[in-house]
Amino acid sequence: MRSYEENKQIHNDLLIILKKFDDICRINGIKYSLHGGTLLGCIRESGFIPWDDDVDVSMTRSEFNKIKRVLGNSSELIIDEETNPFPQVWLKINDREPVWLDIFVWDYISENKLFQKFKIVIMCFFLAFLKTPKTMHLSTNSKKYTGIKHILIYFIYLLGRLFPNGIKHSWANWFEQRITGDHKYIHRSNDLSAGMKLILPSYVMDEYEDKVFEGETLMVSKYYQEILTSSYGLNYMTPVKMTGNEVITHALARKLH
């Protein structure tokens, strides 16, 4: 794992992409919220968690469709929807390693427990089905999945290799927006399995407020406490050291891109 000093340059570059993304959203009236470790760092430390080396945002499906159209015309921020289950916005700065911003999309999900489980199982299938040789390489090197689970994921990955990336992502995108119930609940349908299982009331992405992050003003959900508690528990304000696997994966991803 990098030390805080080694991460300084990456943090500087990540702040650049965050600010550019925020500017584009504000100019176009698009709402988003800092998410994951970025949101946690914002609330707990008013900036980066020292060892974090990527940035996350989340937005509703309607807001994502807006930013996708805008970024499609951008020559500076490049959106990639086919390399990972969740879209990534990339920024290359001079000859340094590129940095990226992950976008997690909130979709409605049924209030029926059985329908919830069915949708999540299908979306977990797509996590493996959408893998590319690069992302499969990342999973193998990070040793995140082993044994039977790794074999199953690899089999589904090989099945997915029979189809073009664009078609696979269109199928996943279609299913992400199904089984919506009465629109009382939402989940991050394009997250990893642990994240997509976290189902919250739909109001948590209805209102937003500004928070200071490394001296910059960025957007967060007004209900950030509910979001952070669902991911990190009631003691989210107490720092917990990461294992380091996420940082290793991020470093590999930058080199492969």
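Residues numbered from 1 in each chain as written. Predicted model: local features only at pLDDT ≥ 70, side-chain atom pairs only at ≥ 80, totals over all residues. Heavy atoms only, no water.

Undergrad: Got a minute to help me understand unusual backbone geometry in this structure?
TA: Trans peptide bonds make up most of the peptide bonds, and negative phi angles are found at most residues other than glycine. Phi angles above zero are rare outside glycine, and I179 is one such case at about 55°. Take I179: it is sitting in the loop between α7 (165-176) and β6 (185-188). A relative accessible area of 23% places I179 in the partly exposed class. Residues other than glycine seldom take positive phi values, yet H183 does so here, at roughly 65°. With respect to the helices and strands, H183 occurs in the loop between α7 and β6. For H183, a relative accessible area of 40% puts it in the partly exposed group. (Helix = DSSP H or I, 4+ residues; strand = E, 2+ residues; numbered from the N terminus. Buried < 20%, exposed > 50% of the residue type's maximum accessible area, 1.4 Å probe, protein only.)

Undergrad: Explain the nonpolar core here, please?
TA: Nonpolar side chains tend to gather and get buried jointly when the protein is soluble and globular. Membership of the largest hydrophobic core comes to 46 residues, with the highest contact counts inside it found for F21, Y32, L34, I67, L101 and I103. Those elements giving two or more residues to this core turn out to be α1 (4-27), α2 (36-45), β2 (55-60), α3 (61-71), β4 (88-91), β5 (99-109), β9 (216-221) and α9 (224-232). Ranked by the residues each element gives to this core, the list is headed by α1, at eight residues. Every residue in contact with I103, bar those within four places of it in the chain, is listed here: F21, V57, M59, F64, F86, P87, V89 and N190. L127, L130, Y157 and F175 belong to the second largest nonpolar core, which has 15 residues in total. (Core = buried A, V, L, I, M, F, W, Y, C linked by side-chain atoms within 4.5 Å. Contact = heavy atoms within 4.5 Å.)

Undergrad: Sorry, what's going on with the packing of helix α4 (residues 113-129) against α7 here?
TA: Geometry of a packed helix pair, given as the angle between the helix axes and the separation of the axes. Contact pair α4 / α7: the axes reach a minimum separation of 11 Å and the direction vectors enclose 165°. Relative to α7, the element α4 lies roughly antiparallel. Where α4 crosses over α7, the handedness of that crossing is left-handed. For the pair α4 and α7, the contacting residues are F118, K119, I122, M123, F126 and F129 in the first and K168, W171, A172, F175 and E176 in the second. By residue class, the composition of the contact of α4 with α7 is eight nonpolar, no polar and three charged. (Axes fitted to C-alpha atoms, helices over the stretch in contact; angles between N-to-C directions. Parallel < 35°, antiparallel > 145°, perpendicular 65-115°, else oblique. Left-handed = near helix turned anticlockwise from the far one by under 90°. Nonpolar A, V, L, I, M, F, W, Y, C, P; charged D, E, K, R; others polar.)

Undergrad: Where do I start with α4 in this structure?
TA: Residues lying three or four places apart along an α-helix face the same way, a consequence of the helix completing one turn every 3.6 residues. The end-to-end C-alpha distance of α4, which contains 17 residues, comes to 24 Å, matching closely the 24 Å that a straight helix rising 1.5 Å per residue would cover. Buried within α4 we find Q116, K119, I120, M123, F126, L127, A128 and F129. Buried-residue contacts for α4 involve β5, α6 (147-160), α7, β6 and α8 (193-196). Regarding α4, its N-cap is N112, as a side-chain oxygen of that residue lies 2.9 Å from the backbone nitrogen of L114 further along. (Expected span 1.5 Å × (residues − 1). Polar contact = N/O pair within 3.5 Å; in protein donor to acceptor, adjacent residues only side chain to side chain.)

Undergrad: What is the right way to read the environment of L40 from this model?
TA: With respect to the helices and strands, the residue L40 is situated in helix α2. Of the residues examined, L40 reaches a relative accessible area of 5% and is grouped as buried. Excluding residues that lie within four positions of it along the chain, L40 makes contacts with E45, I49, L228, Y232 and Y236.

Undergrad: Even after reading the chapter, I still don't get the pairing of β5, so can you show me in this structure?
TA: On a regular strand, one side chain projects to one face of the sheet and the next to the other, so that they alternate. Within β5, 10 of the 11 residues are buried, leaving the element largely enclosed by the surrounding structure. The pairing of β4 with β5 spans four bridges and is classified as antiparallel. For L91, the partnering residue across the bridge sits in β5 and is V99. For β5 and β6, the ladder comprises four bridges, and the chain directions are antiparallel. Pairing of D107 across the sheet is with H187, part of β6. (Pairing = 2+ DSSP bridges.)

Undergrad: How should the pattern of salt bridges be read in this particular structure?
TA: Scanning the entire structure with this criterion turns up 15 salt bridges. Here E45 ties to R44 by a salt bridge, and the two come within 3.6 Å at their closest N and O atoms. Close ionic contact of R188 with D191 constitutes a salt bridge, the shortest N to O distance being 2.8 Å. Here R188 and D191 have matching classes, each one buried. Each of K19, D22, D23, R26, D210 and E216 takes part in one network of salt bridges that share partners. (Salt bridge = Lys/Arg side-chain N within 4 Å of Asp/Glu carboxyl O.)

Undergrad: Could you clarify how one ought to interpret the packing of aromatic side chains in this entry?
TA: By convention here, two paired aromatic rings are described through the distance between centres and the angle between planes. This structure, assessed with the given rule, holds 14 aromatic pairs. Between F129 and F163 the ring centres are 5.8 Å apart and the planes differ by 50°, which places this aromatic pair in the tilted class. Separated by 34 residues along the polypeptide, F129 in helix α4 and F163 in the loop between α6 and α7 bring together distant segments of the chain. Residue classification places F129 among the buried positions, given a relative accessible area of 4%. With a centroid separation of 5.0 Å and an interplanar angle of 70°, the aromatic rings of Y203 and Y223 are classed as edge-to-face. Of the two residues, Y203 sits in the loop between β7 (200-201) and β8 (208-213) while Y223 sits in the loop between β9 and α9, which places them 20 residues apart along the sequence. Y203 sits in the partly exposed class, given a relative accessible area of 36%. Directly above the ring of F129 sits K168, whose terminal nitrogen or CZ lies 5.9 Å from the centroid. (Phe/Tyr/Trp six-rings, centres within 6.5 Å; stacked < 30°, edge-to-face > 60°. Lys NZ or Arg CZ within 6 Å of the ring centre and 35° of its normal.)

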